[in-house]
Amino acid sequence: MGDPTEPPVIEVGDGAAIPLKRDIGLFSAWRVAFFGAIAAVTYLAITRPDPYLRILLFVPDGILVTFEVTVAAILLALVIGLFTGLGRLAKNRLVNGVASLYVEVIRGIPLLVQIFYIYYALGRIVRIPDLYSAVIAMAICYGAYMGEIFRAGIQSIPRGQTEAARSLGMTQTQAMTHVIIPQAFRVVLPPIGNEFIALLKDSSLVSILAVSDLLRRGREFAAESFSYFETYTVIALIYLALTLFFSKLIGLLEERFGADKRAA
Amino acid sequence: MVEVRQISKRFGALRALDRVSFEVYDGEKVVVIGPSGSGKSTLLRSINGLESIDAGQILVDGVNIHDPATDINKVREEVGMVFQAFNLFPHKTVLENLTLAQVVVRRRAKAEAAERAMGLLAKVGIPEKAGAYPSQLSGGQQQRVAIARSLAMGPKLMLFDEPTSALDPEMIGEVLEVMRTLAREGMTMVVVTHEMGFAREVADRVVFMDAGAIVEEAAPSRFFTHPTHERTKLFLSQIL
C-alpha cells in the first residue's frame, strides 16, 4: 500500500492490436504475417513481373499520400482530442455539453459518411484541396475517439495527485498542466498507438475523394489494366505490411517511453 | 492560527462532521485521534479547503476558507499538507517534486528553488536522493520527501493526514523523527495519527473525535492518564 502504482492500462480497442510482449514470445504471428507479406509480394514481382512489378512501381506515390494523410490527421486529432477530453471533464456545463455532444454525434456516424459530409460541407464554404478536406474529416472523426482516450487517461490519474498539487497552492489549471496531463500522456500512449494504426487503415476511405492514396492508385491501375485481382492482392499485402510495421514500431516506442526511469 | 466554528459536513446519509468547533494557536501542536470514520481526516482536509463544508466557518490566519471570495490558492501556499499516500509526483525527480510549486506558484527562480530544496532534503536526511524518482525510494523516504515538498513553500501551518499509516513499521520512526524536529522548531502542526507515542511526546493538546464530533480534548498528560469520557476510555483501552 502507498507505493505509487503503475498507471492503469486503459483498453480502448478498435484498431489493430499492438502485440503484447508475451504474445510475441509465444508464437510469432507478427513475424509470419509481416515477412510473409513481404515475401509474397517479392515472389510475385519476380515470377510474374507483369502485372505485379508494374503495380509495385505504380503505387509508391500512393503510399506516401496515405502516410501523409495519416500523420497529419493523427496530429490534428491529438489536439482536438486533448481539448475534447478536457472539455468532457470540465465542470462548466456549456463546455462539457459541447464536448459531449461532439463525441456522441461523431461516434454515431460512420466515417465514410462523415468524409462525404465534411467534404461537401467544407466545399460550400471554402475551396480547399481534396487532400485537406480528407485530413480534416479524418481528424474530426478521430478527435472524438481521442477525446475519450484522453478523458479516460486523465481520470486514471489518482485524485491524490490533484490534491497534492492543489494543497501546494497550484490552481486547477497549473495542476493539470504540470502534474496530471504529463502523467496521463504516458497512460494514453498505447491506446493512441492503436488509434494511429486504425487511422492508417481507415485512411483508405479517402480514396473516394480525389486523393491519390494507396488504394486510389491501386484502383487507377486496376481500371487501366483490368487486373483487378492482382492489383488488390498487392494493395492488401502493402497495407498489411505497413500496419504490422507500425504496430511493431509503436510497440518498441512504448517499451522505451512507458518503462522508463519510473521502474524501480 | 486556525479557528473552526461549528462546521458540519455530510456524505449522503453519513454525518461526517457535526457542528465541530476547535482552534489551533500559533506554534501549537495538536494531535487528532479517533476511530476510522470519526471525521478526523475530513476535519483536517476542510482546513485547507480540500473538503467543502455544508455549514460553519473556518478561519486560517483570519481568512475565511470557505468564502467563495477567498483566493484559496493564496491560503494553501501558507498551509502545507502531508498525505497518507505521500502523493509525490511520480513523473518528476525528488528535486523537481520540491521545486515545481516553488517555481510555478511562488515564482521563485529555478536556482533559488533548487537551493532551497537541497537544504530541505538535507534536513529530512536524504540529500543523495535528489535525482531519484519517487518509485525508487522506500515509503519512509517518500514521505520525508513529501514533508520537504510542503516545507519548500514556507508554510506557517502544517497538516498531517495519517502520515505513517501507509508505512511499514520499520519506516515509521524516520518519518516521526522529521516531524519531531519540525515541532521542536516551532512549526504549528495539526496531526491526524494513530501513533500514540508521538501524541504523548509532541502534542500540546490531544483531540479525540468520534462519530463526527469532538468528544474530548486535553493535554496529553491528562488525556492518556485521566480521560473523562467513557468513549475515550474505551478507545484508549483498545489501542494502548
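Residues numbered from 1 in each chain as written. Chains lettered and ligands numbered in written order. Predicted model: local features only at pLDDT ≥ 70, side-chain atom pairs only at ≥ 80, totals over all residues. Heavy atoms only, no water.

> How would you explain the overall build of chain B if you had to name every residue and give the values?
For chain B, the helix and strand inventory stands at nine helices and 10 strands. Here the C-alpha atoms of chain B give a radius of gyration of 18 Å, agreeing with the 18 Å that 2.2 N^0.38 yields for 240 residues. Overall, the C-alpha framework of chain B stretches about 55 × 45 × 30 Å when taken along its three principal axes. Taking all 240 residues of chain B together, 58% fall into the buried category. (Helix = DSSP H or I, 4+ residues; strand = E, 2+ residues; numbered from the N terminus. Rg over C-alpha atoms; globule rule 2.2 N^0.38 Å. Buried < 20%, exposed > 50% of the residue type's maximum accessible area, 1.4 Å probe, protein only.)

> Go over the overall build of chain A with me, naming the residues and quoting the values.
Counting its secondary structure elements, chain A contains 11 helices and zero strands. Listed by position from the N terminus, the elements making up chain A come as α-α-α-α-α-α-α-α-α-α-α. Taking all 264 residues of chain A together, the buried fraction comes to 45%. Across chain A, the fraction of contacts at a sequence separation of at least 24, relative to all contacts at a separation of at least 6, is 77%. Looking at chain A as shown, the accessible area adds up to about 13800 Å², and 67% of this sits on carbon and sulfur atoms. (Contact = heavy atoms within 4.5 Å. Areas by Shrake-Rupley, 256 points an atom, 1.4 Å probe, with all protein chains shown as cover.)

> So, the interface of chain A and chain B: which residues are in play, and what are the values?
The figure often quoted for interface size is the accessible area lost as the parts come together. Counting residues at the interface gives 26 residues for chain A, matched by 32 residues for chain B. Summed over both partners, the interface of chain A with chain B comes to about 2400 Å²; 59% of that surface belongs to carbon and sulfur atoms. Our count for the chain A to chain B interface comes out at one salt bridge. Taken together, the links from chain A to chain B amount to five residue pairs in polar contact (both at pLDDT 80 or more). Counting residues per element, the ones that place at least two in the side of chain A that touches chain B are α8 (159-167) and α9 (172-202) of chain A. When residues in the side of chain A that touches chain B are grouped by element, the largest group, eight residues, is from α8(A). Split into classes, the residues belonging to the side of chain A that touches chain B amount to 10 nonpolar, nine polar and seven charged. (Buried area = accessible area lost by both parts, 1.4 Å probe. Salt bridge = Lys/Arg side-chain N within 4 Å of Asp/Glu carboxyl O. Polar contact = N/O pair within 3.5 Å; in protein donor to acceptor, adjacent residues only side chain to side chain. Nonpolar A, V, L, I, M, F, W, Y, C, P; charged D, E, K, R; others polar.)

> Describe the sheet that holds strand β9 (residues 205-210) of chain B, and please don't skip the residues or the numbers.
All names here are of chain B. As summarised here, the arrangement of the six strands in space is β6-β7-β8-β3-β9-β10, forming an open sheet in which the pairing is mixed. What marks the edges here is a single partner per strand, and that holds for β6 (79-82) and β10 (213-218). Recorded for the sheet is a direction-independent mean angle of 15° between the axes of neighbouring strands. Where strand β3 (residues 29-33) and strand β8 (residues 188-192) come together, four bridges link them in parallel fashion. Bridge pairing in β8 places Val-32 opposite Val-192. Together, β3, β6, β7 (157-161), β8 and β9 form the strand contacts of helix α1 (residues 40-47), whose direction differs from that of β7 by roughly 150°. (Pairing = 2+ DSSP bridges. Axes fitted to C-alpha atoms, helices over the stretch in contact; angles between N-to-C directions.)

> Account for α1(B), with residues named and values stated.
Since the α-helix packs 3.6 residues into each turn, any two residues three or four apart lie on the same face. Of all eight residues in α1(B), seven are buried; the element is thus mostly enclosed. Looking one or two residues beyond α1(B), the residue adopting positive phi is Gly49(B), at roughly 75°.

> Quick one: what's the story with the packing of helix α2 (residues 29-47) of chain A against helix α3 (residues 49-58) of chain A, residue by residue and with numbers?
Residue and element names in this part refer to chain A. Where α2 contacts α3, the two axes come as close as 6 Å, and the packing angle between them is 125°. Judged by the inter-axis angle, α2 sits oblique to α3. Note that α2 runs across α3; the crossing there is left-handed. The segment α2 lies against α3, with Val-41, Leu-44, Ala-45, Ile-46 and Thr-47 engaging Pro-49, Tyr-52, Leu-53 and Leu-56. (Parallel < 35°, antiparallel > 145°, perpendicular 65-115°, else oblique. Left-handed = near helix turned anticlockwise from the far one by under 90°.)

> How would you explain the side chain of Gln161(A) if you had to name every residue and give the values?
Relative to the helices and strands, Gln161(A) resides in helix α8. Among all residues touching Gln161(A), those that are not within four sequence positions of it are Val179(A), Ile180(A), Gln183(A), Asn87(B), Leu88(B), Phe89(B) and Pro90(B).

> Outline the sheet that holds strand β2 (residues 14-24) of chain B, listing residues and values.
All names here are of chain B. In space, the four strands of this open sheet follow the order β2-β1-β4-β5, with antiparallel pairing throughout. The sheet is open, and its two borders are formed by β2 and β5 (63-64), each paired with just one other strand. Here strand β4 (residues 55-60) runs beside β5; their pairing, made up of two bridges, is antiparallel. Within the sheet, the bridge partner assigned to Leu-59 lies in β5 and is Asn-64. On top of the sheet, α1 reaches β1 (2-11), β2 and β4; it is set at about 60° to β2, its chief contact.

> Break down helix α7 (residues 130-155) of chain A for me, with residues and values.
Taking 1.5 Å per residue as the helical rise, α7(A) with its 26 residues ought to reach 38 Å, and the 37 Å between its terminal C-alpha atoms agrees with that figure. The axis of α7(A) is deflected most strongly, by about 30°, at Gly143(A). (Expected span 1.5 Å × (residues − 1). Bend = angle between axes of the 7 residues up to and from the residue.)

> I'd like a description of the pattern of salt bridges, backed by residues and values.
In the structure shown here, the tally under the stated rule is 27 salt bridges over all chains. Across the salt bridge formed by Glu230(A) and Arg48(A), the nearest N and O atoms sit 3.8 Å from each other. In this pair, Glu230(A) sits in helix α11 (residues 228-258) while Arg48(A) sits in the loop between α2 and α3, placing the two residues 182 residues apart along the sequence. Arg106(B) is paired through a salt bridge with Glu78(B); the nearest N and O atoms lie 3.5 Å apart. Highlighted residues: Arg106(B) in the loop between α3 (94-104) and α4 (110-123) and Glu78(B) in helix α2 (residues 72-78), separated in sequence by 28 residues.

> Just give me the short version of the confidence of the model for chain A, but keep the residues and values in it.
A residue-level look at chain A finds 87% of positions with pLDDT of 70 or above and a mean pLDDT of 86. Per-residue pLDDT, averaged within each element of chain A, yields its smallest value for helix α1 (residues 21-26) of chain A (57) and its largest for α8(A) (95). (pLDDT = per-residue confidence, 0-100.)

> Any chance you could break down the environment of Val211(A) for me, citing the residues and the numbers?
All names here are of chain A. Looking at the secondary structure, you find Val-211 in the loop between α9 and α10 (214-225). In this structure, the C-alpha to C-alpha distance between Val-211 and Leu-131, residues 80 residues apart in sequence, is 5.6 Å. Residues within four places of Val-211 in sequence aside, it is in contact with Val-65, Val-69, Asp-130, Leu-131, Ala-134, Val-206 and Arg-216.

> Any details on the side chain of Ser150(B)? Residues and values, ideally.
Note on placement: Ser150(B) falls in helix α5 (residues 139-151). If we ignore the near neighbours within four places in the chain, the residues touching Ser150(B) are Leu168(A), Gly80(B), Met81(B), Val82(B), Pro155(B) and Met158(B).

> Any chance you could break down the pairing of β4(B) for me, citing the residues and the numbers?
Residue and element names in this part refer to chain B. In this sheet, β4 lies alongside β1 in antiparallel orientation, the contact comprising five bridges. Its bridge partner being in β4, Val-2 is matched across the sheet by Val-60. The turn joining β4 and β5, which pair antiparallel and follow one another in sequence, is formed by two residues; a positive phi near 55° is taken by Asp-61.

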